[in-house]
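Spelled out from the first residue to the last, the chains are:
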Amino acid sequence: MDLGIKEKKVVVTASSKGIGFAIAKRFLEEGSIVVISSHDEKNLQKAYEKLKEYGNVKKEIADLSNPNSVKNLIRKSVDIMGGLDVLVYVTGSPKPGDLLSLKDEDWSYAFNLLLMSAVVAVREAGNVMGRGGRIILSTSMTLRQPIDNLDLSNVVRLSLAGLVKSASREFASKGILVNGVMPGWIFTDRVKQLVKDRSLRENKSEEEVLQDITKDIPLGRIGQPEELANVVLFLASSLSTYITGSLIPVDGGVIKAIF
Ligand SMILES: NC(=O)c1ccc[n+]([C@@H]2O[C@H](COP(=O)([O-])OP(=O)(O)OC[C@H]3O[C@@H](n4cnc5c(N)ncnc54)[C@H](OP(=O)(O)O)[C@@H]3O)[C@@H](O)[C@H]2O)c1
């Protein structure tokens, strides 16, 4: 099926690994031109080597904790590709911790990493995109259901719901659709890190922690990054023309809230 994204110019942030990598790969498989990005030169090069067999991939270093770096990323990507049709914003992971353990500097860092980088990326992209442009933010299930000991995500990332809504209204008249996805548990290095962290805190084996997580997921398993990537692809595709300002859970049913 033609998704209408062949030769579209796409930026995927935080894409050297995990969710961002899987999204970049799916766009390349569909014939898009993709700029991948991360803040670690070696990881980015490794991802680039893996992805180049799938299509026309470019790379650009950017640190999402630094708003200027994000601005440069979007501007350079536009120069490299000659325009921008799709921005997929993914970000690095906030440090685990609760109110009593996190320090003021952790909150400031998370503010830049999780929120300011998204504001700058969305603003810069919305400024250069033409009609048919798509902005998709990969957020988290924590927008609907907090996860214990992930307070930076529970609190700071919540603002992305407001960003998606505000940007969708502001850019609608320009023909740009803005949406988000809310991953539940998706099997990546991040999940391995969280499982390890929880196994130490709760004095359980990593297998027991994984079982605890899985038993709360109605579909009975952790998701694969490609399952999230396919939803992002749909939102970027010509099949999606009347959805904007929405946040779609991709969570195997784990979010209990109705709205
Ligand atoms: N996996 C899940 O179940 C899940 C669920 C909900 C939300 N999330 C969120 O989704 C995002 C991606 O998670 P993931 O599971 O794909 O994690 P991951 O496999 O650990 O990948 C994280 C990616 O973020 C990049 N990154 C980290 N810090 C960065 C920075 N300062 N600037 C630019 N890039 C940076 C990393 O690249 P470099 O190290 O090469 O820079 C890497 O490409 C995270 O925010 C995570 O909290 C994940």
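Everything discussed here concerns the structure shown above.
What you see as residue numbers is a count from 1 along each chain, following the sequence as written. The predicted origin of the model limits local features to residues at a pLDDT of at least 70 and limits the giving and counting of side-chain atom pairs to 80 or more, whereas totals for whole chains, interfaces and linings rest on all residues. Derived side-chain values reflect all non-hydrogen atoms in the structure, with water molecules and hydrogen atoms excluded from consideration.

Caption draft 1: Examining the packing of helix α3 (residues 67-81) against helix α4 (residues 104-128) more closely. Fitted lines through C-alpha atoms give the axes, limited to the stretch in contact for helices. The angle between two N-to-C directions lies from 0 to 180 degrees. Strands here are runs of E lasting at least two residues and helices are runs of H or I lasting at least four, both read from the DSSP assignment and numbered beginning at the N terminus. One way to put it is that α3 packs onto α4 with a least axis distance of 9 Å and a crossing angle of 30°. Classed by the angle they form, the pair α3 and α4 counts as roughly parallel. Read as a crossing pair, α3 and α4 show a hand that is right-handed. Seen from α3, the contacting residues are Pro 67, Val 70, Lys 71, Ile 74, Arg 75 and Val 78; seen from α4, they are Asn 112, Met 116, Ser 117, Val 120, Ala 121, Arg 123, Glu 124, Ala 125 and Val 128. Polar here means any residue other than Ala, Val, Leu, Ile, Met, Phe, Trp, Tyr, Cys and Pro, which are nonpolar, and Asp, Glu, Lys and Arg, which are charged; Gly is therefore polar. Residues of the contact of α3 with α4, tallied by class, amount to 9 nonpolar, 2 polar and 4 charged. Oblique is the label for every angle not falling under 35 degrees (roughly parallel), over 145 degrees (roughly antiparallel), or within 65 to 115 degrees (roughly perpendicular). Each helix crossing is assigned a hand: it is left-handed if the near helix lies turned anticlockwise from the far helix by less than a right angle, otherwise right-handed if that turn is clockwise. In what follows, residue pairs with any heavy atoms lying within 4.5 Å of each other are defined as contacts.

Caption draft 2: Molecular detail of unusual backbone geometry. Even without a glycine there, the phi angle at Asn 149 is positive, about 70°. Relative to the assigned elements, Asn 149 resides in the loop between β5 (134-138) and α5 (151-156).

Caption draft 3: Representation of a nonpolar patch on the surface. A contiguous nonpolar surface patch, about 350 Å² in accessible area, is contributed by Met 1, Phe 234 and Leu 239. For Phe 234, the location among the structural elements is in helix α9 (residues 225-236). For patches, a residue must show more than 30% relative accessible area and have no salt bridge; joins then use 9 Å for like charges and 5 Å for nonpolar side chains, namely Val, Leu, Ile, Met, Phe, Trp and Tyr. Only the protein chains shown count as cover for residues, and all accessible areas are computed by the Shrake-Rupley method using a 1.4 Å probe. By definition, a salt bridge exists where a carboxyl oxygen of Asp or Glu is found within 4 Å of a side-chain nitrogen of Lys or Arg.

Caption draft 4: Local environment of the site of the ligand. Definition of nearness: a residue and a molecule or strand are near each other if at least one heavy atom of the residue lies within 4 Å of the molecule or strand. The environment of the ligand is made up of 31 residues, and the closest members are Ile 19, Ser 38, His 39, Ile 186 and Thr 188. At a separation of 2.9 Å, a nitrogen atom of the ligand approaches a polar side-chain atom of Asp 63. Between N or O atoms, a polar contact is any pair within 3.5 Å; within protein, one atom must be a potential hydrogen donor and the other a potential acceptor, and residues adjacent in sequence are included only when both atoms are from side chains. Interatomic distance of 2.9 Å between a backbone N/O atom of Thr 91 and an oxygen atom of the ligand. Whether a set of points on the 1 Å grid over the protein atoms alone is a cavity depends on a 1.4 Å probe fitting there but being unable to get out, while an open set qualifies as a pocket with protein on both sides within 12 Å along at least five of seven lines; lining residues are those with an atom within 4 Å of a point. Molecule-in-pocket calls rest on the fraction of atoms, with more than half required to lie within 2 Å of the cavity or pocket grid points. Its atoms largely coinciding with the cavity grid, the ligand occupies the largest pocket. Those elements that place two or more of their residues in the shell around the ligand are α1 (18-29), α4 and α7 (189-202). The leading source of residues in the shell around the ligand is α7, at 3 residues.

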